[in-house]
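Chains, contacts and geometry: an overview
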Amino acid sequence: MIGDGLRAALAAANDCAPGCSPKDAIWQAGKLTLYRYRPIAPSKGGAPLLIVYALVNRPYMMDLQEDRSLIRGLLSEGVDVYLIDWGYPDGADRFTTLADYIDDYLGACVNRILAAHRLDALNILGVCQGGVFSLCFSALYPERVRNLITMVTPVDFHTPGDLLSKWVRKIEVASFVGEGNVSGDLLNQVFLSLMPFRLTQQKYVDLMSQSPDRARIENFMRVEHWIFDSPDQAGAAFREFLLWFYQENRLALGRLELAGRTVDLRALRLPILNLIGKLDHLVPPEASAALERLVGSADYTALQFELGHIGMYISARAQREVPKAIAGWLAAR
Amino acid sequence: MIDDPWRQWQSLFANSLGAMASAQTRSAREATSAFGPFVDAAERYAAAVRSFVAGAAGTAASGAATPGVTPEPSATAASHAAKLFSDFLREQFADVQMPWSAGINPAVGAPRAPSAREPALGATREQQLRLQRMANAWLRIDEAQRRLQRHWSDALREAATAFATRMKPPPALSAEEMRKFYNAWIDCAEDAYARTARTEAYCTALAELVNASSEWRRELQADIEHWAKLLDLPTRGEINTLLRRLKSVEEQLRDAKGEHQPHAAAPLTVSPVAAAKGAAAPSAVAPGAAARQRRDPAPRARPVKRVRRKSKS
């Protein structure tokens, strides 16, 4: 029977561990770990690439399994890849601010990589919220970033299609966050409620309707694990992110200040590659595409893919197209 | 192998729900309580599809076999069958638990909450006021949940109407056709929900729910804090004070080290253990220090041709 086979396959896939590419933890501070991936192809000789992932969800989505790994794709192209894992904040991290994350932690990671390679600047790939952090850091320290790549990154938080933003506008953020952290489980519920019928019903019916192919089931379970493996959010940083970005749209309006300095996107004159998911329901394409009119760069490239938010990391199409696009773009600069 | 498509559908649901429970590491008991209704719903879904197809096909056949019968009654009957089916789906999804009803249990604070209109007097005046505020917040939560539930119901009604409009009975019923009906329903439901969820009224109700819940939690925390102090237990407020002091000291320490310049960091090591033990705190710049260390932006001198590719599929 289909059901028995499927049940057994799902149970067997319960412990499928995400992540496939060997890496070394080279620096730790607080909950943060900076990783460097081991090369699998001859280096192209360019500056290293630092991947800055979001605080929401875990970064192993970038290296889920061998045939679903953006990082592996980049390594295959000879890119020297570093990754920031922000870890799981707990109650002791509740007062960690955006300035701490961007100016201190991200800055320290950049410094360490630059020192190790004796370089003045490196390449950054910012993903989703990590893309926002990367934009802020690059605007504050443009001399330390050679090329900037943003992926499914919101820039204008007030576009008409942004449902999440609409929901957040009238929330009393300070009261909602209080002085504690924000539960990752709660955030998951919010994300699911953006498309409740597909994400809580149809997805599972689809899973059960197909053959219990082991590879497919394992892939599904790894993604499932990733979706619900959501770290709590450090309260202070989350409060600032909701208030400054979602409610006040400061980044797009040029009114964002971090660590006492204005984040001026017009100061970004470095080459920028903006990767956009045309079917992204979390970060609408227009929210990302707004970057073009806000930056001062003369070398701006936008690539739109017929993919959703998660599909940009793990779909078969993304594996074929995204790493090559990034590596090719970097090689040309 | 099950040949009957309805049995296939039922089996599929029953097995999927058990597996879902396993995947979400819930106990069997929880799985039964959480997913049991869905198994039942799957059986009813199969029956509803069969009823719709049989009703629509039977009406069409009788219409074709009877001379002088116009297509309109047949179409009307098919439409009626479709409406019954779509109404069934609407009812089935009406009880799906949404985030606004998950994890919030205002009833916890409700039993001992006094009326908000009672005067607060005497030595416990502050506690009485706090309980009144909790009661008020609870009422707001309840009201917001009801409003959201109405929006949910409206969205389902809209979805049911759209679904009934586009439904056509298949030439032969199969498990695949049942899946198509199901997918079409999901499409209609998501479309209707997306429209509802973007309305001002929905956003307002959702915000009210969150804001009232926040207020209720804050008052509850204050109440617990009050009792903890009476028992000389450490409170969240005290711990937060200590955390703030610690953070301030750490920032001053990092600022004094002045590690935020390029190349100031220690060389990288590939040894995770060594890195963990030898790692200094991240090179930090306190707000004031960041401003002091500001550098002028260094625009790249290399003018590069602007590249635009609007879309790449």
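Quantities reported herein were computed from a predicted structural model and do not represent experimental measurements. (Residues numbered from 1 in each chain as written. Chains lettered and ligands numbered in written order. Predicted model: local features only at pLDDT ≥ 70, side-chain atom pairs only at ≥ 80, totals over all residues. Heavy atoms only, no water.)

**Describing the pattern of salt bridges**
Rule in force here: The term salt bridge refers to a pairing of a side-chain nitrogen on Lys or Arg with a carboxyl oxygen on Asp or Glu at a separation within 4 Å. Exposure categories follow from relative accessible area, calculated using a 1.4 Å probe and restricted to protein chains: below 20% of the type maximum is buried, above 50% is exposed, and the middle band is partly exposed. Every helix listed is a DSSP run of H or I at least four residues long, and every strand listed is a run of E at least two residues long, numbered separately from the N terminus.
By the definition in use, this model includes 35 salt bridges over all chains. Between Arg-144 of chain A and Glu-143 of chain A there is a salt bridge, with its nearest N and O atoms 3.8 Å apart. Exposure remark for Arg-144 of chain A: the relative accessible area of 1% places this residue in the buried category. Between Glu-215 of chain B and Arg-140 of chain B there is a salt bridge, and its shortest N-O distance comes to 2.5 Å. Placement of the pair is Glu-215 of chain B in helix 6 (residues 200-230) and Arg-140 of chain B in helix 4 (residues 125-166), with a sequence separation of 75 residues. Overlapping salt bridges, with partners in common, bring together Lys-31, Asp-90 and Asp-93 of chain A in one network.

**Considering the packing of helix 3 (residues 98-117) of chain A against helix 4 (residues 129-140) of chain A**
Residues and elements named next belong to chain A. How we decide: Angles shown run from 0 to 180 degrees and are taken between the N-to-C directions of axes, each axis being a line fitted to C-alpha atoms and, for helices, limited to the stretch in contact. Throughout, the term roughly parallel applies to angles under 35 degrees, roughly antiparallel to angles over 145, roughly perpendicular to angles from 65 to 115, and oblique to all others. By the convention used here, residues are in contact when the closest approach between their heavy atoms is within 4.5 Å. Note on residue classes: Ala, Val, Leu, Ile, Met, Phe, Trp, Tyr, Cys and Pro are nonpolar, Asp, Glu, Lys and Arg are charged, and everything else, Gly too, is polar.
Where helix 3 contacts helix 4, the two axes come as close as 10 Å, and the packing angle between them is 70°. Of the possible angle classes, the one that applies to helix 3 and helix 4 is roughly perpendicular. Contacts from Leu-98, Tyr-101, Ile-102, Asp-103, Leu-106, Gly-107 and Val-110 of helix 3 reach helix 4 at Phe-133, Cys-136, Phe-137 and Leu-140. Tallied by class, the residues present in the contact of helix 3 with helix 4 amount to 9 nonpolar, 1 polar and 1 charged.

**Focus on the sheet that holds strand 6 (residues 81-85) of chain A**
Residue and element names in this part refer to chain A. In plain terms, the rule: Two strands qualify as a pair provided DSSP detects at least 2 bridges between them.
The mixed open sheet is built from 8 strands, whose spatial order is 1-2-6-3-7-8-11-12. Strands with a single pairing partner mark the edges of an open sheet, and in this sheet they are strand 1 (23-29) and strand 12 (300-305). Going across the sheet, the axis of each strand differs from the next one's by a mean of 20°, ignoring polarity. In this sheet, strand 8 (residues 145-151) lies alongside strand 7 (residues 122-127) in parallel orientation, the contact comprising 6 bridges.

**Some words on the packing of helix 8 (residues 196-209) of chain A against helix 5 (residues 175-197) of chain B**
What counts, and what does not: Crossings are sorted by hand: turned counterclockwise from the far helix by less than a right angle, the near helix makes the crossing left-handed, and turned clockwise it makes it right-handed.
Two elements in contact, helix 8 of chain A and helix 5 of chain B, have axes separated by 10 Å at closest approach and are oriented at 165°. Between helix 8 of chain A and helix 5 of chain B, the interaxial angle falls into the category roughly antiparallel. In this structure, the crossing between helix 8 of chain A and helix 5 of chain B has a hand that is left-handed. Each of Pro-196, Phe-197, Arg-198, Gln-201, Gln-202, Val-205, Asp-206 and Ser-209 of chain A in helix 8 of chain A lies in contact with helix 5 of chain B, whose residues at this interface are Arg-179, Tyr-182, Asn-183, Ile-186, Asp-187, Ala-189, Glu-190 and Tyr-193 of chain B. Taken together, the residues of the contact of helix 8 of chain A with helix 5 of chain B break down into 7 nonpolar, 4 polar and 5 charged.

**Overview of the packing of aromatic side chains**
Residues and elements named next belong to chain A. Heads up, the rule is: Here a pair means two rings of Phe, Tyr or Trp (six-membered ring of Trp) with centres within 6.5 Å. Their orientation is stacked below 30 degrees between planes, edge-to-face above 60, and tilted elsewhere.
Counted under the stated rule, the structure contains 19 aromatic pairs over all chains. Taking 6.3 Å as the distance between ring centres and 55° as the angle between the ring planes, the aromatic pair formed by Tyr-53 and Tyr-313 counts as tilted. With Tyr-53 in the loop between strand 3 (49-52) and strand 4 (63-65) and Tyr-313 in helix 14 (residues 311-314), this pair connects stretches of sequence that are 260 residues apart. We note that Tyr-53, like Tyr-313, is buried.

**Some remarks on the pairing of strand 3 of chain A**
Residue and element names in this part refer to chain A. Every second residue of strand 3 is oriented toward a common face, with Leu-49 and Ile-51 on one face and Leu-50 and Val-52 on the other, all of them buried. Bridge analysis of strand 3 against strand 6 gives 4 bridges, and the strand direction is parallel. Bridged to Leu-50 within strand 6 is Tyr-82. Judged from the 4 bridges that link them, strand 3 and strand 7 form a sheet pairing that is parallel. The residue of strand 7 that forms the bridge with Val-52 is Gly-126.

These results come straight from atomic positions and should not be treated as a statement about function.
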